[in-house]
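# Structural features, examined
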2 protein chains.
Amino acid sequence: MKLDRLVGERFKERPSDCVIDSHALMIRGGYMKQVSNGIYSQFMPLKRIAHKVERIIREEMDAIDGQEVLFPVVMPASLWEESGRYESVGKELARFVDRNEKKLILGMTHEEACVHLVKEYGNSYTKYPFMVYQIQTKFRDEARPRAGLIRVREFTMKDAYSFHTSQEDLEEYYERCYEAYLRIFARAGIPDVVAVSSDPGMMGGNISHEFMLLTPVGEDTVVLCTECDYKANMEAAESIVENTRDEVSKELELVSTPATKTIEALCDFLGITKEKTCKAVMYRRNIDDKIIVVFIRGDLDVNETKVRNYLGFEIHPADIEEGEGIVPGFTGPVNLSGEIIVLFDKSLENTNNMVTGGNVEDYHYVGLDFARDLKDVEFHDLAKAVEGGICPQCGNKSLTVKRGIEVGNIFQLGTKYTESMGMEYIDSDGKPRNPIMGCYGIGVGRLIASVAEVHHDENGPIWPMSISPWQVHICALRSDEPNVKEFADKLYENLMKKGIEVIYDDRNVSAGVMFSDADLLGVPVRVIVSPRNLKNNVCEITARDKSFTIQEPIESVEEKLVEIVKSNLC
Amino acid sequence: MKLDRLVGERFKERPSDCVIDSHALMIRGGYMKQVSNGIYSQFMPLKRIAHKVERIIREEMDAIDGQEVLFPVVMPASLWEESGRYESVGKELARFVDRNEKKLILGMTHEEACVHLVKEYGNSYTKYPFMVYQIQTKFRDEARPRAGLIRVREFTMKDAYSFHTSQEDLEEYYERCYEAYLRIFARAGIPDVVAVSSDPGMMGGNISHEFMLLTPVGEDTVVLCTECDYKANMEAAESIVENTRDEVSKELELVSTPATKTIEALCDFLGITKEKTCKAVMYRRNIDDKIIVVFIRGDLDVNETKVRNYLGFEIHPADIEEGEGIVPGFTGPVNLSGEIIVLFDKSLENTNNMVTGGNVEDYHYVGLDFARDLKDVEFHDLAKAVEGGICPQCGNKSLTVKRGIEVGNIFQLGTKYTESMGMEYIDSDGKPRNPIMGCYGIGVGRLIASVAEVHHDENGPIWPMSISPWQVHICALRSDEPNVKEFADKLYENLMKKGIEVIYDDRNVSAGVMFSDADLLGVPVRVIVSPRNLKNNVCEITARDKSFTIQEPIESVEEKLVEIVKSNLC
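Residues numbered from 1 in each chain as written. Chains lettered and ligands numbered in written order. Predicted model: local features only at pLDDT ≥ 70, side-chain atom pairs only at ≥ 80, totals over all residues.

## Some details on the relation of the copies chain B and chain A
Copies of the same chain, two in number, are related to each other by a rotation about an axis and a translation along it. When chain B is brought onto chain A, the operation consists of a screw motion whose angular component is 180° and whose axial shift is 0.0 Å, with 0.2 Å RMSD remaining. A rotation of that kind, with that shift, is consistent with a two-fold axis. Judged by C-alpha distance, F96 of chain B is the residue of chain B that lies nearest the rotation axis, at 2.7 Å. In this assembly the copies share their binding face: 100% of the residues contributing to the interface of chain B also contribute to that of chain A. (Least-squares fit on C-alpha atoms with pLDDT ≥ 70 in both. Contact = placed C-beta atoms within 7 Å.)

See the structure below:
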């Protein structure tokens, strides 16, 4: 490819709406252009990278006996009504009607379509296990698209679905897929991805993992143990709390605490630590706005996912106004009345001498002893794990909290979909049973952006050879000089004949322009043909990541480049 | 691939809802499954064929300097409002709103998205010409999906867009693309595709061609000359009519013609031929239902596209009720009054002694002389060409009318999109100009179905080697016999090692089941390993199209298969 023919603009200024580097560099480098919020068109370099990533994914999916299929982008609502998700999934599911007013949806995941496709095939235990996958465009109407290809509304995704006759067989396959995922990420240039336990959310099922690329710009939070191999995302991380009990329980007493609506103000006013307070966090049930109050130790935060999972219905954080039986800023569990769902976090279990809202404006209770003062209270793990917290696996105070980008996920789905959609097989004993499913996703664009996020400098991405849009970048400096042009032209032709993917810059521009464009395209190996080099009978070969610069004799430059390309290929 | 692991069902019965063979065979062969009207999921064999077709398309597009990009499936309505198509395109454009009530559409073509992508890049004449293309899922809410993958609502399409600074440059590129298309169809196994002139329709522009695969099951009509190379689709085909004039013009006279609402009844009643009648064909303007009457010689049909193009607005066939100034069944051009748009086909020019409606119930005029009796009448070509009609190119009465499937199309778009969307470049004289566009489409699924339509027998498709899901099909008959199993296993392994794509059937089933499954999968070369064959130290190699059967010695069977595969590859 001649660079001067490459459609797309490259420029120096960081776009003001880009919060992370990979986004800014992929806009600056002419990789993509936003069409609407969270919807992008892709230029050739990005499309080439995507092809290579998809090839790696295909090879690894085929290697674990996957069969590539294709499900539709547009599906009838009836399919999602069968599984119950047409109702249960929120606004992220795009819904519309066709010319005959028939309800349709845009696929954001394809469990239903997959069960529909393989339902008849999988009618006997002899057909199992099997896995099918697709690489297809999906649309998810995200409330807050952000960070370029990290969180978009339209995206290309590999989604795989496996079917089994026993939980053991699923687990065995799940493990194979887990390993295949680690190989995919390693081959794409991010071997440091960690798999963490996660909450299955809308997918259903019990066990699931997310593959996290740890980076400060990630939008997910991951909890890791520094002493053992415990890893979980924040939603799924267990919170274990030591709550010490004072030797003597004081009396329960309502005291005046004017203008202390926040925990901070209350602690200041009474001269106590947050650990001695019991705070109220408010939610509402989506379906009818019923109030839910979660009581938790004042130094901890509520893990909304745990609350949702415990309750089994959708909730949202609530701003409670006065007059619904709640006194905002002064809510406590003693004498709380009204049509309210009340939950208690484990951090409050067995505590005494706690301070909590008095359910009267400007008053708090002090001296609260949970065991003594509140009857029939159940405590549940509803808190977020914290830095330095207790590891649920090894018991050390060794939890650390990091940011990460989720580059893949795998789920053990159980029979949620096969049961609701009536998929059955006849088992070896002649009895009908529902197959057990697993599903496995990787977002292609997000993976590419993640690679750029960990492999870049201020001048551009540094693509790993395995997914780079081209393998060698030829810069012909002073291509107006015939010997430069002639040598570079021939090098370009010969490298292509040897199967090397070459981008060739023979524009009559300054070295500065040429190198900054090359930096933005991020090709790992660059060869510079210039009058000065040729005078010395050499070409300069440099690595985009600055790991080497070689003065290679012109006789062996082709051979050397081929060697570098081949040795870097995963 | 082991056949017993292949997900998908194969069966014998022709599904009752399949009107054409390719559709029936691709359902029977486990290639696809309908999810909704005109929406299919694809099993592995079809996906493999699609990959190969897409690779051929990519290679040919790259060979004419195309750059692969990707446009979104979901686009903001605002983009289509810029070009005016958000309003002008009908219900086939799927429209919906996102969570913020912002209007979105599903891409059925991507001229707008393409101009949006390259607008800034193409700011100088030095950047031209260039072409970008994508292979992407599209959705078009067809009123009548039919014939399997021939006419669907969701489909994978290659769409390409070229940009030029002069009409000459566009025409030169158009020619290159035309040739590339012929190469694509030939490589995919249908070299007999003919390119016909077509009507650009909603795309805009002047010159366009459709690539037609002639087959009786096609839904398009093509007009070809048997004496020269004139080719056009019915919409675009010129109609040239010889209308002979009687020597003596009779008088214009209103005569009683009771119950003669049709041309046939009228001709019977008066004992005349259809050529001596002038019939009225009714339409309405979509926007306000205003009546349009097209007068045409009674033996000819109106070409609705020509009427639409002449008028410049959308129309639909109308069932006219009495009382709008029209007397249905008795409408004629003499003394016709009311708010009506009246058009005349060229077939009426200069005719005399014609019979036409009297605009009075049960009365017709006879003796109509157009030149004498009607003032200021303009005649236009509004008729459909007919079998045996006059060729507009060579003048012989040598037109023939055939059915065809449109497997591709190319358009010279002019500046319709660049002008409406404000895309400009600075020309060599420093002046801003709108680039000239071409666009070029191929539907991947329709192409595959078309190949199956011309290459099949009653038992299944006969795939050309170039796009076959696998290259060699091994049938191990009596795989329960150890020597059969051992030989077939080894053959399978060794062929794969040599890069051959093999489907291997080692099921313990009858030869009948095995061969009918192989017929449905349509792999061009089959090798049969059986106890009897092995006893004779041979394998039987047969062609799916029955062109050969070879008894190949077991020592050379691998070599022979590799040779057959390689020599059949396009």
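Still more to cover.
## Comments concerning the environment of E349 of chain A
Counting through the fold element by element, E349 of chain A comes out in the loop between β17 (340-345) and β18 (354-360). Separated by 28 residues in sequence, E349 of chain A and V377 of chain A have C-alpha atoms that sit 8.9 Å apart. (Helix = DSSP H or I, 4+ residues; strand = E, 2+ residues; numbered from the N terminus.)

## Regarding the interface of chain B and chain A
Counting residues at the interface gives 42 residues for chain B and 42 residues for chain A. Within the residue set of the side of chain B that touches chain A, elements represented by two or more residues are β1 (32-36), β2 (39-42), α2 (44-63), β3 (66-68), β4 (74-76), α5 (111-118) and β7 (130-139) of chain B. When grouped by side-chain class, the residues that make up the side of chain B that touches chain A number 24 nonpolar, 7 polar and 11 charged. (Nonpolar A, V, L, I, M, F, W, Y, C, P; charged D, E, K, R; others polar.)

## Remarks on helix α15 (residues 557-568) of chain B
Residue and element names in this part refer to chain B. Over its 12 residues, α15 runs 17 Å from end to end, which matches the ideal 16 Å to within 8%, given 1.5 Å per residue. Looking at α15, one finds that the buried residues are V557, E558, L561, I564 and V565. Viewed end-on, α15 has its buried residues packed into an arc of 130°, placing them on one side of the element. α15 presents E559, E563 and S567 as exposed residues on the side facing more than 90 degrees away from its buried surface. (Expected span 1.5 Å × (residues − 1). Buried ≥ 20, exposed ≤ 12 C-beta atoms within 10 Å, placed from the backbone. Arc of directions from axis to C-beta.)

## Some thoughts on the sheet that holds strand β4 (residues 74-76) of chain A
Residues and elements named next belong to chain A. Strand order in this open sheet of 3 strands is β4-β6-β5, and the pairing throughout is antiparallel. Every other strand in the sheet has two partners, leaving β4 and β5 (95-97) as the edge strands with one partner each. Strand-to-strand twist of the sheet, defined as the mean angle between neighbouring strand axes without regard to direction, takes the value 40°. Examined bridge by bridge, β4 and strand β6 (residues 103-106) share 3 bridges and lie antiparallel to one another. Bridging across to β6, M75 finds its partner in I105. (Pairing = 2+ DSSP bridges. Axes fitted to C-alpha atoms, helices over the stretch in contact; angles between N-to-C directions.)

## Let's talk about the packing of helix α1 (residues 21-28) of chain A against helix α11 (residues 444-454) of chain A
Residues and elements named next belong to chain A. As a packed pair, α1 and α11 sit with axes 8 Å apart at the nearest point and diverge in direction by 105°. The pairing of α1 with α11 is recorded here as roughly perpendicular in orientation. Here D21, S22, L25 and M26 of α1 lie close against α11, whose contacting residues are A449, A452 and E453. Among the residues making up the contact of α1 with α11, the classes are represented as 4 nonpolar, 1 polar and 2 charged. (Parallel < 35°, antiparallel > 145°, perpendicular 65-115°, else oblique.)

## Regarding the domain arrangement of chain A
Taken domain by domain, chain A comprises domain 1 (16-73 + 107-237 + 401-453), domain 2 (253-380) and domain 3 (470-568). On a C-alpha basis, the centroid separation for the pair domain 1 of chain A and domain 2 of chain A is 38 Å. (Domains from an automatic or database assignment.)

## Some details on unusual backbone geometry
Residue and element names in this part refer to chain A. Across the junction of Y128 and P129, the peptide omega takes the value -10°, indicating a cis bond. Within the element layout of this structure, P129 appears in the loop between α5 (111-118) and β7 (130-139). The phi dihedral of N335 is positive, around 60°, even though this residue is not glycine. As for its position among the elements, N335 is in the loop between β16 (315-317) and β17. Taking the C-beta count within 10 Å as the criterion, N335 has 10 such neighbours and is therefore assigned exposed. One non-glycine residue with positive phi stands out, namely N359, at about 60°.

## Details of the sheet that holds strand β31 (residues 549-553) of chain B
To summarise the sheet geometry, strands pair through backbone hydrogen bonds and adopt either a parallel or an antiparallel arrangement. Residues and elements named next belong to chain B. The 5 strands lie next to each other as β28-β27-β29-β30-β31, forming an open sheet whose pairing is mixed. At either margin of the open sheet sits one strand with a lone partner, and together these are β28 (502-505) and β31. Across this sheet, the average inter-strand angle for adjacent strands is 20°, counted without regard to direction. When strand β30 (residues 538-543) meets β31, the two strands line up antiparallel, connected through 5 bridges. From the neighbouring strand, C539 faces β31, where its bridge partner is E552. Lying on the sheet, helix α12 (residues 482-497) is in contact with β27 (472-476), β28 and β29 (525-529); it crosses β27 at an angle near 165°.

## A closer look at the packing of α2 of chain B against helix α6 (residues 167-187) of chain B
Two packed helices can be described by the angle between their axes and the distance between those axes. All names here are of chain B. For the pair α2 and α6, interaxial distance at closest approach is 10 Å and the crossing angle is 155°. Taken together, the axes of α2 and α6 are roughly antiparallel relative to one another. Crossing hand, α2 versus α6: right-handed. For the pair formed by α2 and α6, the contact residues are I56, I57, E60, M61 and A63 on the first element and A180, R183, I184 and R187 on the second. Classifying every residue of the contact of α2 with α6 by side-chain character gives 6 nonpolar, no polar and 3 charged. (Left-handed = near helix turned anticlockwise from the far one by under 90°.)

## Description of the confidence of the model for chain A
Averaged over chain A, the pLDDT score is 93; the fraction of residues at 70 or greater is 98%. Interface confidence in the predicted complex, given as ipTM, is 0.87; pTM for the same model is 0.87. (pLDDT = per-residue confidence, 0-100.)

## Re the environment of A160 of chain A
Tracing the sequence through the fold places A160 of chain A in strand β8 (residues 154-164). Discounting chain neighbours no more than four positions away, the residues touching A160 of chain A are M61, G66, M131, Y133, C439 and Y440 of chain A.

## A closer look at the environment of L6 of chain A
Relative to the assigned elements, L6 of chain A resides in the segment before α1. Sequence-wise, L6 of chain A and T221 of chain A are 215 residues apart; in three dimensions their C-alpha atoms are separated by 39 Å.

## With respect to the pairing of strand β14 (residues 277-285) of chain B
Residue and element names in this part refer to chain B. By the bridge criterion, 2 bridges tie β14 to strand β18 (residues 354-360) in an arrangement that is parallel. In the sheet register, T277 faces β18, and the bridge partner there is V355. As judged from the 7 bridges shared by β14 and strand β15 (residues 291-297), these two strands associate in the antiparallel manner. Residue M282 lies in a different strand from β15, and its bridge partner there is V293. Looking at chain direction, β14 and strand β16 (residues 315-317) are connected through 3 bridges and run antiparallel. Paired with R285 across the bridge in β16 is I315.

## Observations concerning the nonpolar core
Core analysis: the biggest nonpolar cluster contains 268 residues, and I474 and V529 of chain A together with I474 of chain B have the highest contact counts within it. Excluding residues within four positions of it along the chain, I474 of chain B makes contact with A488, L491, Y492, V502, Y504, D505, V527 and V529 of chain B. Judged by nonpolar contacts, the second largest core, of 24 residues, contains L266, V294, F295 and L382 of chain B. (Core = buried A, V, L, I, M, F, W, Y, C linked by C-beta atoms within 7 Å.)

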